[in-house]
Amino acid sequence: MSARKNRNRLQNEFDELEIKCQNLSPYSNFEYFNELPLSSLTQEGLQESNYIQMTEIQRKAIPLALHGKDVLGAAKTGSGKTLALLIPLIEKLFREKWSQLDGLGALVIAPTRELAVQIFEVLRKIGRKHTLSAGLVIGGKKLEVEQERINRMNILICTPGRLLQHMDQTASFNCDNLQILILDEADRILDMGFEKTVNAIIDNLPKERQTLLFSATQTNSVKDLARLSLTYVFVHEQSEHSTPPNLSQYYLLCKLPEKLDILFSFIKSHLKTKGLVFFSSCKQVRFVYETFCKMQPGVTLMHLHGKQKQHKRLEIFNKFSSIKYAYLFATDIASRGLDFPAVDWVIQVDAPENADTYIHRVGRTARYEAPGNALLYLLPNEEQGMLGVLEKKKVPIEKIKVKPSKITSVQKQLQLLCFKDPEIKYLSQKAFISYMRSVYLQSDKSIFNVNELPAEEFSSSLGLSGTPKIKFAKKSGSKNDIREKSKERNERSEIGISDDDINSVDNQIKVDEKKSKPKKTKLEKMFQRKNMSVFTDHYKKLVEYESDKEDEFITLKRVNHELPEEFEQKKPESLSKRKLLMAKSKKHSIANAPRGEKLLFDEDGNFHAAGPVLDQKKKFLDKELKVMEEEDVKDKIIAKEKQLEDSEEEIAFKNKRHKILEDSEEETTFKNKRHKILEVEEPMTLEDQEELALKLLEGR
Ligand code: ADP
Ligand code: MG
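Residues numbered from 1 in each chain as written. Chains lettered and ligands numbered in written order. Predicted model: local features only at pLDDT ≥ 70, side-chain atom pairs only at ≥ 80, totals over all residues. Heavy atoms only, no water.

Draft legend 1. Molecular detail of the sheet that holds strand β11 (residues 326-330). Sheet architecture is open: seven strands sit in the order β10-β11-β9-β12-β13-β8-β14, paired in parallel fashion. Unpaired on one side and paired on the other, β10 (301-304) and β14 (398-399) mark the two borders of the sheet. Across four bridges, the pairing between strand β12 (residues 345-348) and strand β13 (residues 372-378) is parallel. Residue pairing in the sheet places Ile347 in a bridge with Leu375 of β13. Packed onto the sheet, helix α12 (residues 282-295) meets β10 and β11 and runs at close to 165° relative to β10. (Pairing = 2+ DSSP bridges. Helix = DSSP H or I, 4+ residues; strand = E, 2+ residues; numbered from the N terminus. Contact = heavy atoms within 4.5 Å. Axes fitted to C-alpha atoms, helices over the stretch in contact; angles between N-to-C directions.)

Draft legend 2. Quick look at the UniProt feature "domain: DEAD-box RNA helicase Q" (unreviewed entry) in the protein. UniProt's feature table lists "domain: DEAD-box RNA helicase Q" (unreviewed entry) at residues 31-59, given in the numbering used throughout. Summarising residues 31-59: 45% helix, 0% strand, and an end-to-end C-alpha distance of 7 Å. (UniProt positions renumbered as here; feature names shortened; annotations may be inferred.)

Draft legend 3. Examining the packing of helix α16 (residues 411-420) against helix α17 (residues 422-441) more closely. At their nearest, the axes of α16 and α17 sit 5 Å apart, and the two run at 120° to each other. One element, α16, and the other, α17, form an angle in the oblique class. Where α16 abuts α17, its residues Leu417, Cys418 and Lys420 lie against Pro422, Ile424, Lys425 and Ser428. Partitioned by chemical class, the residues of the contact of α16 with α17 number four nonpolar, one polar and two charged. (Parallel < 35°, antiparallel > 145°, perpendicular 65-115°, else oblique. Nonpolar A, V, L, I, M, F, W, Y, C, P; charged D, E, K, R; others polar.)

Draft legend 4. Up close: helix α4 (residues 81-95). Taking 1.5 Å per residue, 15 residues should reach 21 Å; α4 reaches 22 Å between its end C-alpha atoms and fits that length. Buried residues dominate α4, accounting for 14 of its 15 residues. Remark: Lys97 follows α4 within two positions and exhibits a positive phi of approximately 55°. (Expected span 1.5 Å × (residues − 1). Buried < 20%, exposed > 50% of the residue type's maximum accessible area, 1.4 Å probe, protein only.)

Draft legend 5. A look at the nonpolar core. In terms of nonpolar packing, the biggest core is built from 64 residues, with Leu263, Phe292, Phe329 and Ile347 touching the most fellow members. In this structure, Leu263 is in contact with Val277, Phe279, Val288, Phe292, Phe329, Ile347, Val349 and Tyr377, ignoring residues within four places of it in sequence. With 45 residues, the next largest nonpolar core counts Ile57, Ala75, Ile119 and Leu123 among its residues. (Core = buried A, V, L, I, M, F, W, Y, C linked by side-chain atoms within 4.5 Å.)

Draft legend 6. Layout of the packing of aromatic side chains. Under the criterion given, the structure shown has ten aromatic pairs. Between Phe292 and Phe329 the ring centres are 5.9 Å apart and the planes differ by 80°, which places this aromatic pair in the edge-to-face class. With a gap of 37 residues between them, Phe292 in helix α12 and Phe329 in strand β11 connect regions that are remote in the sequence. Neither Phe292 nor Phe329 differs from the other in exposure class; each is buried. Ring geometry for Tyr435 versus Phe458: centroids 5.2 Å apart, planes at 65°, classification edge-to-face. Remark: Phe458 occurs in helix α18 (residues 455-461) and Tyr435 occurs in helix α17; sequence separation between them is 23 residues. The burial state of Tyr435 is the same as that of Phe458; both residues are buried. Taken together, the ring pairs in this structure connect Phe264, Phe279, Phe292 and Phe329 into an aromatic cluster. Lys274 extends its terminal NZ or CZ atom over the ring of Phe320, reaching a point 5.1 Å from the ring centre. (Phe/Tyr/Trp six-rings, centres within 6.5 Å; stacked < 30°, edge-to-face > 60°. Lys NZ or Arg CZ within 6 Å of the ring centre and 35° of its normal.)

This is how it looks when you write it as structure tokens:
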């Protein structure tokens, strides 16, 4: 076909699609993707990826979005929201005849790196025939490396912190032509404290654009975000339950010291299983992983947590995605949005902080049409409260009993391991302390009560011969500036347990002594405070902030990420448009300038009076010194930002995706036929589907 004919054909397709989309009824209830007015390139991409029939959220949200509406789509985990957001994105740019030269046309924001990578993967799959370029902006690499390429991208998939950093620091970053903004897992983005960041990002975007929001839960915060979009598609709002119908959910009642016995026994009796096991902190994950590996249950064990290096996480994600039988011990970094293929069991050894976290965790199984099981361990004092919040959220859960005869105690083995290996003992102590702390910090005091935990028995169950001492020191104060916090932290350690705390006899416990204490339990003596919830807001923030760095707890929601003022003090040449606009307001400095003297207008947009040479010299030196100091502060803030981002609990993905990460950051054009196309037969059974999923994951 000649180039001209080809152009004409494309032009016809653009026109036809535009008309069809305009005429699309929001109530159309197509069943198959090929009934939708989509470009032939997208249709081919979908077919080749074996996406034929739409899920409910796709049936409802895609036609609305193609019609040009702003959509807020809420649907259960595993119900296919990724395609529901990506198809309208690609089509929007296609119908706008977007080309490489048109710059940034679409932004997708995801709460974590790992989810961003996964969305990017799906985009590559279904968009493989298009010539749009897409990149990941998720941190983990030098800003400059991303800066160089970011402008060549038509589609960016980002985490909020990193995106804002580019908006502020990448002079050439331009979103003026943005056509479509998408927030995936919007509830999580807000829960993680990115609200301010997201608002700042949105302020930078053109008002004339389409906005799509997706989330698995319908929290108030998401409804608040609904101001960005007027059409709601709550596909499962009327449904009886908020979790997938193919998910069987159970809980068992157990005592804290029995948890590991039950887990080990479960694993031993379910060897041909792929299981995801949640704990509340990395330290517990490490301890259980290290010791269980030594006890050789007879199935592969893996662990994933926020303290691991990016490449390590990539490797683990890759392995767990493709392995048939294994148990992955993880913190909540693995709970959000990730699509591990064919997980049979999600086991929550430590209770989730609330019902939404529960829903996200169990959502890692029973994805799409696959069946799945979830098991929650509840302590007697957690039972009533947790069941209450789950019921309120329409989670159907059934009690099961474990036969005592089926439980093998691992306490002796753990004791032996602790005895033989000081490192294991150290891990065990840390696991104990971090669990106690996680309960102590839980915000829902109606469910969690650290006073009711049998501390001694619990520490014995972890193989320890003595109960580690814990201190929670408190310093009064009510400053809430993040920098003040770090300053204070340097002065003295705040709440939290440092390594030195363990077994340190002379730990002083600083608490709010003014509070009266009618009676003292052992634990209260341990923490030396009566009412665990009597904290100032500032204090809570300190705890949360500290723990971002120190550890991760299911209890901890992030403090709203501060937007450090230091970002306002950029070198002039690196000023972005947003910053330049801000700088304009410096014009007010003209009003304050001295009268009757010559005024100099400097690069920063400030006016200065020119005076005698020596004065000028001194001023110049002072100014340079100040600039250096500011730069220093700025560097520190950037380093801190990075740390915050890292603790976003970003996972990296499959090994092979390593390459993709690099490619993507370098620039990925769907058209470039680097990716081999996988030939597959239509899957008939669940096994086929599993196999297909594996092939697709491995095939790239
Ligand atoms: P959610 O974001 O709602 O949790 P995902 O978009 O991650 O769900 O999709 C869950 C799984 O379902 C993925 O493995 C995806 O490939 C699969 N899936 C989604 N839509 C379809 C479809 N229409 N046909 C077949 N599989 C689908
Ligand atoms: Mg999703």
